[in-house]
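What the coordinates show
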Amino acid sequence: MPTRHDKNAYGFRPYRSCADALEQCFLALAKRNSAQWVLEGDIKACFDKISHQWLLDNAPMDKEILKKWLLAGYIDKGKLHPTNRGTPQGGIISPTLLNITLSGLEQAVKAATSKRNDKVNVIIYADDFIITGANKEVLENVVTPTVEAFLELRGLSLSQEKTKISHISEGFDFLGVNVRKYKGKFIKKPAKDNVNKFLENIREVVKTHPTAKTDNLIYLLNPKIQGWANYHRTQNSKRTFGYVSYHIFKVLWQWARRRHPKKSAQWVKNKYFRTKGYRQWTFTAGIQITRKKTGYLDLVEISKVPIKRHIKIKAEATPYDPTYKAYFEKRRERRKLKILHRVCKDSWSPWWELPDIDES
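The following refers to the structure shown. These numbers were taken from a predicted model, which means no experiment stands behind them.

**Comments concerning the sheet that holds strand 11 (residues 279–288)**
- As summarised here, the arrangement of the 3 strands in space is 10-11-12, forming an open sheet in which the pairing is antiparallel. Each having just a single partner strand, strand 10 (273–276) and strand 12 (294–298) make up the two edges of the open sheet. Averaged over all pairs of adjacent strands, the angle between strand axes in this sheet comes to 60°, irrespective of strand direction.
- Where helix 10 (residues 214–232) meets the sheet, its contacts fall on strand 11 and strand 12, and the angle it forms with strand 11 comes to roughly 115°.

Below, the structure written as structure tokens:
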């Protein structure tokens, strides 16, 4: 049976990302007359319980090769573990098999509902998905049974603990982002759990490197800060970035004071921070660029990361269809220009654009 992925499935597919899935949330929920209720779906032990027989009957590929892949098992700590059902997470073919397994969920749900009256939208990323609805009843009485029947054929089931129905005014977390309407205004911002985990990771890095050189610590922190900021820069994250910036400064200040308990606060400030523009507290380190040239290596200032809305991929677009060749080339060129602009703008790279240190 040939398989076509759902239009609004975004996980493990080329040129599709979390940002696309979250932008689809905006399109499905942001308008005044949009759906107001959301089913947050979570599949219980998804990779571990996919039915081998269903895959063998439905996956469009060589059955013998697929069977060998499914029964190959995996090695953990030198011990071979059999895979009599499901696919091992981290396996090279597991993402593809998951997409094949869940392919058709969007069509099944929409076939059981009225698109116009029920306002149903399905958004899938890997084994997480949300389904919108005009009211709670359609999600409870029509959508949920349809999803359960769809999954049962594939050996899967919904997690009763993590699957719930909520109103958009209460909000919900999806892919590390909180989606909610505040007095009718649609807002996407980093979820509290996601922010706390990120800050905990930053604190752990600083705590485990109490005697590290300042530039080495910055090298460790910058990719983490820049990566997290890049993920959330398409959301309403400005206030959150300011909150995170303060807590990063706080942990670095404590780190610096502990290194020099007998020095004054002003001495510590002068050693580890510098004035950059109108900002007086930029965590920095002097570095040697060449034999005769020195410069500053600055910590990425997350509160200065610009917020810019993501341009979502067309739902029906696929790189395997020659019709969309020009469309994807245009998106690739636009992405290259964005990355080039970002690299030139970031203060911590490239080194040779950094200003000289004032040795006086």
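**Description of helix 9 (residues 192–207)**
- If you check helix 9, its first and last C-alpha atoms are 22 Å apart, about what 16 residues at 1.5 Å a residue would give, namely 22 Å.
- Among all positions of helix 9, only Val-195, Phe-198, Leu-199, Ile-202, Val-205 and Val-206 are buried. The arc enclosing the buried residues of helix 9, seen along the axis, measures out at 115°, which places them on a common side. In helix 9, the exposed positions angled more than 90 degrees off the buried face are occupied by Lys-192, Asp-193, Lys-197 and Lys-207.
- Buried residues in helix 9 make contact with strand 9 (185–190), helix 10 and helix 11 (238–259).

**Looking at unusual backbone geometry**
- We note that Ala-126 has phi near 55°; this positive angle belongs to a residue other than glycine.
- Mapped onto the fold, Ala-126 is located in the loop between strand 4 (121–125) and strand 5 (128–133).
- The class for Ala-126 is buried, based on a relative accessible area of 11%.
- In this structure, Lys-183 takes a positive phi of about 55° despite not being glycine.
- Among the structural elements, Lys-183 can be located in the loop between strand 8 (177–182) and strand 9.

**Digging into the nonpolar core**
- Of all hydrophobic cores here, the largest spans 33 residues; its most connected members are Val-109, Phe-129, Ile-131, Val-147 and Leu-151.
- Every element with two or more residues in this core is listed here: helix 2 (46–49), helix 3 (52–58), helix 4 (63–70), helix 5 (94–102), helix 6 (105–111), strand 4, strand 5 and helix 8 (136–152).
- It is helix 8 that contributes the most residues to this core, 6 residues altogether.
- With residues up to four places along the chain from it excluded, the contact list for Ile-131 reads Trp-37, Val-38, Leu-39, Val-109, Val-120, Asn-121, Val-122, Leu-139, Val-143 and Val-147.

The rules behind each value
- Residues numbered from 1 in each chain as written.
- Predicted model: local features only at pLDDT ≥ 70, side-chain atom pairs only at ≥ 80, totals over all residues.
- Heavy atoms only, no water.
- Pairing = 2+ DSSP bridges.
- Helix = DSSP H or I, 4+ residues; strand = E, 2+ residues; numbered from the N terminus.
- Axes fitted to C-alpha atoms, helices over the stretch in contact; angles between N-to-C directions.
- Contact = heavy atoms within 4.5 Å.
- Expected span 1.5 Å × (residues − 1).
- Buried < 20%, exposed > 50% of the residue type's maximum accessible area, 1.4 Å probe, protein only.
- Arc of directions from axis to C-beta.
- Core = buried A, V, L, I, M, F, W, Y, C linked by side-chain atoms within 4.5 Å.

Honestly, it's all geometry; don't read function into it.
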